[in-house]
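Structure assessment
Residues per chain are reported as follows:
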Amino acid sequence: MQKKITQQRHRVVQVITKFLIPMILLFAFYVQFHGDFGPGGGFQAGVIFASAFILHGLIFGEARTRLVVSPNALRISMSFGLLLYAGTGVVSLLFGGNYLDYSVLLSNPIAGQHWGIFAVELGVGITVGAVMISLFYCFSSRRDFSEEAAFPIAHNGLDSDD
Amino acid sequence: MSIDTVVVEHVIVMVLLTLLIVVAIGIIVLNDLLAAIILSGLYSIISATVFVAMDAVDVAFTEAAVGAGISTIILLGALSFTKRIQKPQEYTNYWALLIVCVTGGALIYGTLDMPRYGDPSSPANSNAQVAQHYLTQSKAEIDVPNVVTSVLASYRSYDTLGETAVVFTAAIGVLSLMGLRRRRRKEDPTVSEKQQRRQQNEETK
């Protein structure tokens, strides 16, 4: 019964969050891929991407977010992003240029630069997003909260509970 | 008209920096840790506004996202393990205050030698191989409209690789300290270790 009361108490926030999360993810992808033309890039996009899943964890409970994004997937993503970045440099080495010299990646140096920057920023975005979600999991998994909010902050008698 | 714009911009930056000082004093003085965390998020937002006033929108974007977003949520997570009200300090340490004031004074004295803000003839801005090359040749060599991205990801991509490795290492550090597995309150591992040690001591007696 405690579970039902908690879910009903947060009903409005849950509905709005379900509406907002796809928008936040879309904005994260926009910031990631339009870093060439406006402010943005890998770091900002990774943080915004992670904030969508953190919002989900705060509202619906961290257990449900773990079903969506498992810690194993996060570990693999973190390493994959950094590997993608360093691997782009190694591919440049294999094509005959210096390390992280994107001009040799394709036949047209300008196109090589574009795709090199694309791959590198994607690696940064993946790593930063996975790291932020992992940090959230670390802090919110220290106690078993079951269906309650992820971070119960003491209200010192200010809570208006029934 | 252009002189008025520069003066207005400087006034805005000065007002925002004064706000930063006020918020910092608030964070130090407050005993309510939840309010201090919210104020630290506010500090990050005001810093981001200062960066926008200085025409550095990429940095402002990152500062707002990381400082006001992720930092605040991580600090709130840490706060949920402890009490909300900080114990008031029982003593005042005058030697520490003296050392901090002397160091701060020395740092401010050091900034008097720095070039004026926005000076185009300063060594950093006028270096032909570095700053001037990036600004003039970025369109021809990389053809990406955002010069900040071209510098970060192409001209200085080695530094960005190092930054990404630092973020990754920070995650490894936190994961090795705290771990991702859920711990139930009943099966607290430290309690069971103590019981195991007690049992072992009783067995060896």
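Residues numbered from 1 in each chain as written. Chains lettered and ligands numbered in written order. Predicted model: local features only at pLDDT ≥ 70, side-chain atom pairs only at ≥ 80, totals over all residues.

**Describing the overall build of chain A**
From N to C terminus, chain A includes 6 helices and 0 strands. What you see in chain A, going N to C, is helices and strands ordered as α-α-α-α-α-α. Burial statistics for chain A: of 162 residues in total, 39% are counted as buried. The long-range share in chain A, meaning contacts at least 24 apart out of those at least 6 apart in sequence, stands at 64%. (Helix = DSSP H or I, 4+ residues; strand = E, 2+ residues; numbered from the N terminus. Buried ≥ 20, exposed ≤ 12 C-beta atoms within 10 Å, placed from the backbone. Contact = placed C-beta atoms within 7 Å.)

**Considering helix α2 (residues 11-33) of chain A**
All names here are of chain A. The first and last C-alpha atoms of α2 sit 34 Å apart over 23 residues, in line with the 33 Å expected at 1.5 Å per residue. Within α2 the residues assigned to the buried category are Ala 28, Val 31 and Gln 32. Along its buried surface, α2 packs onto α3 (42-60) and α6 (109-140). (Expected span 1.5 Å × (residues − 1).)

**Digging into the interface of chain B and chain A**
Facing the 47 residues of chain B at the interface are 47 residues of chain A. Every element with two or more residues in the side of chain B that touches chain A is listed here: α3 (57-79), α7 (147-155) and α8 (157-178) of chain B. The greatest single-element share of the side of chain B that touches chain A, amounting to 14 residues, is contributed by α3 of chain B. The residue makeup of the side of chain B that touches chain A, split by class, is 27 nonpolar, 11 polar and 9 charged. (Nonpolar A, V, L, I, M, F, W, Y, C, P; charged D, E, K, R; others polar.)

**Some points on the nonpolar core**
The tendency in soluble globular proteins is for nonpolar side chains to be buried as a group. Core analysis: the biggest nonpolar cluster contains 46 residues, and Val 47, Val 131, Met 132, Ile 133 and Phe 136 of chain A have the highest contact counts within it. Contributing elements (two or more residues each) for this core: α2, α3, α5 (71-94) and α6 of chain A together with α3, α7 and α8 of chain B. At 14 residues, the largest contribution of residues to this core is made by α6 of chain A. A domain-level breakdown of this core finds at least three residues from each of domain 1 (1-90) and domain 2 (128-205) of chain B. With near-sequence residues (within four places) excluded, Val 47 of chain A lies in contact with Val 128 and Met 132 of chain A together with Ala 65, Val 66, Gly 69 and Ile 70 of chain B. (Core = buried A, V, L, I, M, F, W, Y, C linked by C-beta atoms within 7 Å. Domains from an automatic or database assignment.)

**Here we look at unusual backbone geometry**
Despite not being glycine, Leu 100 of chain A has its phi angle at roughly 60°, a positive value. Judged by local crowding, Leu 100 of chain A falls into the buried class, with 22 C-beta atoms found within 10 Å.

**Quick notes on the confidence of the model for chain B**
Predicted coordinates in regions of low pLDDT should not be interpreted in detail. Residues at a pLDDT of 70 or more form 87% of chain B, whose mean pLDDT is 85. The ipTM, which scores confidence in the relative placement of chains, is 0.83 for this predicted complex, and the corresponding pTM is 0.82. (pLDDT = per-residue confidence, 0-100.)

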